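Results of the structural survey
As a plain string of letters, each chain reads:
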Amino acid sequence: MNSSSSEPSSDFIRTIIAEDLKTGKNNGRVATRFPPEPNGYLHIGHAKSICLNFSIAAENRGGTCNLRFDDTNPGREDVEYVESIMKDVKWLGFDWQDRLFYASDYFEQLYQYAVQLIKKGRAYVCSLSPEQIRQYRGTLTEPGRDSPYRSRSVEENLDLFERMRAGEFADGTHVLRAKIDMSSPNLNMRDPVIYRIMKATHHRTGNKWCIYPMYDFTHCLSDSIERITHSICTLEFEDHRPLYDWFLDELEVKCHPQQIEFARLSLSYTVMSKRMLMELVEHGDVTGWDDPRMPTIAGMRRRGYTPGAIRAFCKRIGVAKRESMVDIALLEHCLREELNRCAPRVMGVLKPLRVIVDNYPEGQVEDLDAINNPEDPAMGARKIPFSRVLYIEQDDFMEEPPKKFYRLAPGREVRLRYAYFIKCVEVIKDEKTGKVVELHCTYDPETRGGDAPDGRKVKATLHWVSAACCLDAEVRLYDRLFLKENPCEEKDGPDFKSFLNPDSLKILKDCRVEPGLKDAKPGSIYQFERLGYFCVDEVDSSSESLVFNRTVTLRDAWANIKKRGS
RNA sequence: UGGGGGAUCGUAUAGGGGCAAUACACCAGACUCUGGAUCUGGAUACCCAGGUUCGAAUCCUGGUCCCCCAGCCA
């Protein structure tokens, strides 16, 4: 029982695949697919499935992963979604090469399969109304009853089905059903509908069809047509597996893929259902599918998430059948991990407090050396201007500092990053409000660059910008969308939207950033030292008016101390 | 008195008769020109009850709790 310890741990799906490879089940082939319905934008939950399917293909010699649009319901699908989905999958770093498919490509083939089923006496046209079909289906505890149309002859079924296709009947008047078992304890097996009449324009086939196949029929056959070996889907389809297998067995297809189910991703402090996301978009709770607060790939991209961080996250959460909710802190950790490595450092002041360095020569400007990324010397250095009037962060000064606050305070000395030690000598306050509006400080010319030749230490280093040279910027502070860990928890309680975080977005219009950011490219991500990672907004930012999105804060020990204190 | 799944630190994932492991989160400390990063240490878990066994998270029996299914959605 002692297995070699060098083998990487793997999930139950990879274990199944490895076993199949060992037994030669699919002649050594591994073929997966990612099969989205183009009726919404992809979200982080889809990313889990995308990473799983494409990675499994990549891990196996000759493995492939298809992108297939499951577009069998023209009523709610749209090219806008197919385009966004392709963009997102590519952005995540995956390549379906020439294997882009649509279930609608198979409509003719699927129709022929349906005819075959009718000829075998395994499908019939049912002319019950939708309401009647529901009644005949029975309930969870009571068996269903056979439809009165169940015994139509093959000839009649063939004729009717052909005329359904020809458009002779109105929507809802007839359906094609599989003839299985109305008393099955599995409701999916109680003569499921496999074709319905829908006189709708399809985004790819136009008006060519007025009957459309249902998911259960389409999916297994599409998998089979594409010679998929492992059809990986989420848990709610477990009950559908017998039906998946039934169609493939009855139709005696050459390729019979194995359906394997895993638990979908739930993330704390957000929602993942397309319905809910759609509602947020349509109701204006967010600005769109790509709102940086959305768990959509488009939203996360705009927020400043990187594909690598998302992939690392999907790898770390693992794959299992247990339903679980992953802490969003893990996602943020993966993000920080990557950004810490690659984001250039820069200084920006979110809430400026004016500082006059009394003993610094008026009109003088010095260019000081700053390191672009202490984690990566290859990223080089830059010059930043220092002058007599500066801005520091309002939060970095307290007139009456508590014990653990070791930033600037009256009489106290701190370091300005890459610049000088300064000491606060005077506090100017607004007479009416008592608010601190300006600080007078002195600097020690000996500490140029940030070190004191006499070896004295300071407790804090502050970020700053030079008032004369800095750039104005707008900064959008994003926070989690919901206040509740699981907004959908209460079934009969308040609506998920009542848990929306009213402070999920705070807009700061009076921010200052260092001059080097003048031509920062849309989408590029910086670390604002001591604050967090910020990304130039791709939609609203320009070199005339810079807009930054806060991607994620830095870990903040002081914020923790403050929180615990209060 | 329908069927299908699931249950291991706070969270997620390993371990499938022999020291319960890893990551995040948390706590403490070291270091630091970012209260960042890094490093060290720590606390915390096998749903319950029986049984088999020298030994059970793992095998057996019986419970409990949670999730999914009654679309002409996917």
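Placed above this text is the structure.
Here goes a summary of the coordinates provided. (Residues numbered from 1 in each chain as written. Chains lettered and ligands numbered in written order. Predicted model: local features only at pLDDT ≥ 70, side-chain atom pairs only at ≥ 80, totals over all residues. Heavy atoms only, no water.)

**Brief notes about the protein's contact with RNA strand B**
How we decide: Near, as used in this document, describes a residue that has one of its heavy atoms within 4 Å of the molecule or strand being considered. What qualifies as a polar contact is a pair of N or O atoms within 3.5 Å, subject to a donor-acceptor requirement within protein and to the restriction that residues adjacent in sequence count only when both atoms come from side chains.
Close contacts around RNA strand B come from 70 residues, with R322, R345, R407, R415 and G449 the closest. Counting only the atoms of RNA strand B that lie within 4 Å of the protein, the sugar and phosphate share comes to 63%. R345 is positioned such that a nitrogen or oxygen atom in its side chain is 2.4 Å from a base oxygen of RNA strand B. Within the contact set of RNA strand B, a sugar or linking oxygen lies 2.4 Å away from a side-chain nitrogen or oxygen of R415.

**Here's the deal with the nonpolar core**
Defined as follows: For the purposes of this section, nonpolar cores are sets of buried Ala, Val, Leu, Ile, Met, Phe, Trp, Tyr and Cys residues that join through side-chain atoms within 4.5 Å. Here the term buried applies to any residue with accessible area under 20% of the maximum for its type, exposed to any over 50%, and partly exposed to those in between, with areas from a 1.4 Å probe on protein chains only. Numbered from the N terminus, helices here are DSSP runs of H or I no shorter than four residues, and strands are runs of E no shorter than two.
With 42 residues, the main nonpolar core has I44, I50, F54, V89, L267, I310 and F313 as its most contacted residues. Elements with a contribution of two residues or more to this core: α2 (44–59), β2 (64–69), α3 (79–91), β10 (265–267), α10 (297–303), α11 (307–317), α12 (328–342) and β26 (532–536). Element by element, the count of residues in this core is highest for α2, at 6 residues.

**Overview of the sheet that holds strand β21 (residues 461–462)**
Stated precisely, the cut-off is as follows: When DSSP finds at least two bridges between two strands, those strands are taken to pair.
The 7 strands are arranged β21-β18-β19-β20-β14-β17-β22 in an open sheet whose pairing can be described as mixed. A strand with exactly one partner marks an edge of an open sheet, and here the two such strands are β21 and β22 (464–466). Summarising the sheet, strand β14 (residues 352–357) and strand β17 (residues 389–393) pair through 5 bridges and their orientation is antiparallel. Within β17, the residue paired with I356 across the bridge is V389.

**With respect to the packing of aromatic side chains**
As a reminder of what qualifies: Each Phe, Tyr or Trp ring (for Trp, its six-membered ring) is paired with any other whose centre lies within 6.5 Å, and the angle between the two planes then decides the class: stacked below 30 degrees, edge-to-face above 60, tilted in between. Only Lys NZ and Arg CZ are tested; either one counts as a charge over a ring when it is within 6 Å of the ring centre and within 35 degrees of the ring normal.
A complete count under the given rule lists 24 aromatic pairs for this structure. Taking 5.4 Å as the distance between ring centres and 75° as the angle between the ring planes, the aromatic pair formed by W246 and F247 counts as edge-to-face. The pair W246 / F247 is uniform in exposure class, with both members buried. The structure contains a cluster of three or more aromatic residues connected by ring pairs, namely F107, Y111, F161, Y195, W209, Y212, F217, W246 and F247. Across from the ring centre of Y102, 3.4 Å away, lies the NZ or CZ of R204, which sits over that ring. Just above the ring of Y406 sits the side chain of K459; from NZ or CZ to the centre is 4.5 Å.

**Concerning the environment of G450**
The following threshold applies: In this analysis, two residues are considered to be in contact whenever any of their non-hydrogen atoms come within 4.5 Å of each other.
Within the secondary structure, G450 sits in the loop between β20 (436–443) and β21. Separated by 287 residues in the primary sequence, G450 and R163 place their C-alpha atoms 84 Å from one another. In this view, G450 contacts R415, A419 and F421; residues no more than four positions away in its chain are not counted.

**What to know about the packing of helix α4 (residues 107–119) against helix α6 (residues 154–166)**
Cut-off, in case you're wondering: Structural elements are reduced to axes, namely lines fitted to C-alpha atoms, with helices fitted over the stretch in contact, and the angle between N-to-C directions of any two is expressed from 0 to 180 degrees. Angle categories: roughly parallel below 35 degrees, roughly antiparallel above 145, roughly perpendicular from 65 to 115, and oblique for all the rest. Crossing handedness follows the turn of the near helix against the far one: under a right angle anticlockwise gives a left-handed crossing, and clockwise gives a right-handed one. Amino acids are sorted into nonpolar (Ala, Val, Leu, Ile, Met, Phe, Trp, Tyr, Cys and Pro), charged (Asp, Glu, Lys and Arg) and polar (every other residue, Gly among them).
With their axes 9 Å apart at the nearest point, α4 and α6 run at an angle of 160° to one another. In terms of axis orientation, α4 runs roughly antiparallel to α6. Crossing handedness for the pair α4 and α6: right-handed. When α4 is examined against α6, the residues E108, Y111, A114, V115, I118 and K119 are found in contact with a partner set consisting of V154, N157, L158, F161, E162 and R165. The class makeup of the residues in the contact of α4 with α6 is 7 nonpolar, 1 polar and 4 charged.

**Re the environment of I297**
Position of I297 among the secondary structure elements: in helix α10. The exposure class assigned to I297 is buried, which follows from its relative accessible area of 0%. Sequence spacing of I297 and F161 is 136 residues, and the spatial spacing of their C-alpha atoms is 41 Å. In contact with I297, not counting residues within four places along its chain, are L42, H43, I44, A47, D88, W91 and L92.

**Some details on the pairing of β2**
What counts, and what does not: When the strands point away from the viewer, a crossover counts as right-handed if the route from the first strand across the helix to the second turns clockwise.
Burial analysis of β2 places 5 of its 6 residues in the buried class, the great majority of the element. Of the strand pairs in this sheet, strand β1 (residues 31–34) and β2 are connected by 4 bridges, and their pairing is parallel. The partner of R33 across the bridge, within β2, is N66. The parallel pair β1 and β2 is bridged by α2, and the resulting crossover is right-handed.

**Here we look at the pattern of salt bridges**
This is how it is decided: By definition here, a salt bridge exists when the distance from a side-chain nitrogen of Lys or Arg to a carboxyl oxygen of Asp or Glu is within 4 Å.
All told, the structure shown has 50 salt bridges when counted by the stated rule. Ionic pairing is found between R76 and E37, a salt bridge with its closest N-O pair at 3.0 Å. Of this pair, R76 sits in the loop between β2 and α3 while E37 sits in the loop between β1 and α2, and the two are 39 residues apart along the sequence. Judged by its relative accessible area of 17%, E37 falls in the buried class. In the salt-bridge network here, residues are joined through shared partners; they are D290, R302, E474, R476, K509, D537 and D540.

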